[in-house]
Amino acid sequence: MGVILAAGKGTRMRPFSEHWPKPVLPVLGKPLMAYQLEMMAAMGIRKVVVVIGHLGHEVVRALGDGSRWGVSIQYVEQEEMLGIAHAVSRLESHVDRPFFLFLGDIFFVTENLRHMLDRFRAGNLGGVLACKREPNLEAIKRNFVVHTDGAGVVHRVVEKPRFPRTDLKGCGIYLFDQSFFDAVRRTPRTAMRNEYEITDSIQIFLDDGYKVEAAEVVKADMNVSYPADLLDLNLLLLQQSGNADWLAPDVKLGKGSALARSVAMAGAEVGDGCVLTECLLFPGAKVPAGRVRRRSIFTADAEIRCAPDDA
């Protein structure tokens, strides 16, 4: 079965986070989390539990029962935002088999994700961590590193290392046996953030003697933390699609308006004489006539400049 965590507030995404939880922000016309649901469905997963919190009703409204994505969704609420391990602890009574766990605010590009499941079954493992070799030192410092032996068996994980000793980065996809909940239950709050960190739970799990392996199945991961990240993700997928623009069928373009390398979603309206380059238009966005912009995001009631310039 699958689990996706979608409860965080995403305060760095303001003003979007006041109306949209990060996991359902639009990416080429679909909620960000829909890509994860499709990945799970492709592996044969049919039951998915989604942990909601901040603006949880918007997650439910965006994803519904999951049938559009080939899965059946059950929603569980995290009443307090106390970290990833705390969110996982809300799941114990709803999980009756090994489970994939995804962080819902990350866009993943994976290679042979099913390999995690094959290794899990063949090795009689307690867990498998999806990883990638990360050349960017700052990206490593913002995430966690995975220390392994020569056979890929994990012996230590380190959250946000200041001086990382490996370039093997954990990427927010995990596969665990139900016994992982024993470690989650005994995870203490951190001194720095006063939250329950999943890396602490994993280390407790390892110290208990459970065998966990690292699988280098992630080719790219983009954490949507700031508005510019959302714009960049949409532009990246647009580029990969080979299309000059991505416009929903009902987008209205005013007289003399022009879009270049831009994404406009359902119900967006562009006024007369607009010139938009590398812009993102949310569903229902309205761009005033004569607006000339590069790297801006438009919603129904706001504009967010992601690269202020003279345009």
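To be clear, the structure that these remarks concern was listed above.
Residues numbered from 1 in each chain as written. Predicted model: local features only at pLDDT ≥ 70, side-chain atom pairs only at ≥ 80, totals over all residues. Heavy atoms only, no water.

### Here we look at the overall build of the protein chain
- Counting its secondary structure elements, the protein chain contains 8 helices and 24 strands.
- Overall size of the protein chain, expressed as C-alpha extent along the three principal axes, is 65 × 40 × 35 Å.
- The buried share among the 311 residues of the protein chain stands at 53%.
- Across the protein chain, contacts joining residues at least 24 apart in sequence account for 59% of those joining residues at least 6 apart.
- Accessible surface, the protein chain: about 14000 Å² in total, of which carbon and sulfur atoms supply 49%.
- Positive and negative charge centroids in the protein chain, built from 38 and 38 side chains respectively, lie 1 Å apart. (Helix = DSSP H or I, 4+ residues; strand = E, 2+ residues; numbered from the N terminus. Buried < 20%, exposed > 50% of the residue type's maximum accessible area, 1.4 Å probe, protein only. Contact = heavy atoms within 4.5 Å. Areas by Shrake-Rupley, 256 points an atom, 1.4 Å probe, with all protein chains shown as cover. Lys, Arg positive; Asp, Glu negative; His and termini not counted. Charge placed at Lys NZ, Arg CZ, Asp CG, Glu CD.)

### Comments concerning the sheet that holds strand β20 (residues 280-281)
- Taken together, 5 strands build an open sheet; the order of strands is β14-β17-β20-β23-β24 and the sheet is mixed. At either margin of the open sheet sits one strand with a lone partner, and together these are β14 (246-247) and β24 (303-305).
- The pairing of β14 with strand β17 (residues 263-264) spans 2 bridges and is parallel. When the bridges of β17 are listed, Trp246 appears paired with Val263. (Pairing = 2+ DSSP bridges.)

### Examining helix α4 (residues 114-122)
- Residues of α4 that are buried include every one of Met116, Leu117, Arg119 and Phe120, and no others. For α4, the buried positions fall inside an angular range of 165° around the axis, keeping them on one side. Exposed and oriented more than 90 degrees from the buried face of α4 are Arg121 and Ala122.
- Looking at the buried side of α4, the elements it contacts are β6 (99-103), β8 (127-133), β11 (168-176) and β12 (212-215).
- At the exit of α4 stands Asn124, carrying a positive phi of roughly 50°. (Arc of directions from axis to C-beta.)

### Things to note about the nonpolar core
- Membership of the largest hydrophobic core comes to 70 residues, with the highest contact counts inside it found for Met116, Leu129 and Phe176.
- In this structure, Met116 is in contact with Phe100, Val128, Leu129, Ala130, Ile173, Tyr174, Leu175, Ala215 and Val217, ignoring residues within four places of it in sequence. (Core = buried A, V, L, I, M, F, W, Y, C linked by side-chain atoms within 4.5 Å.)

All we've got here are geometric facts, nothing functional implied.
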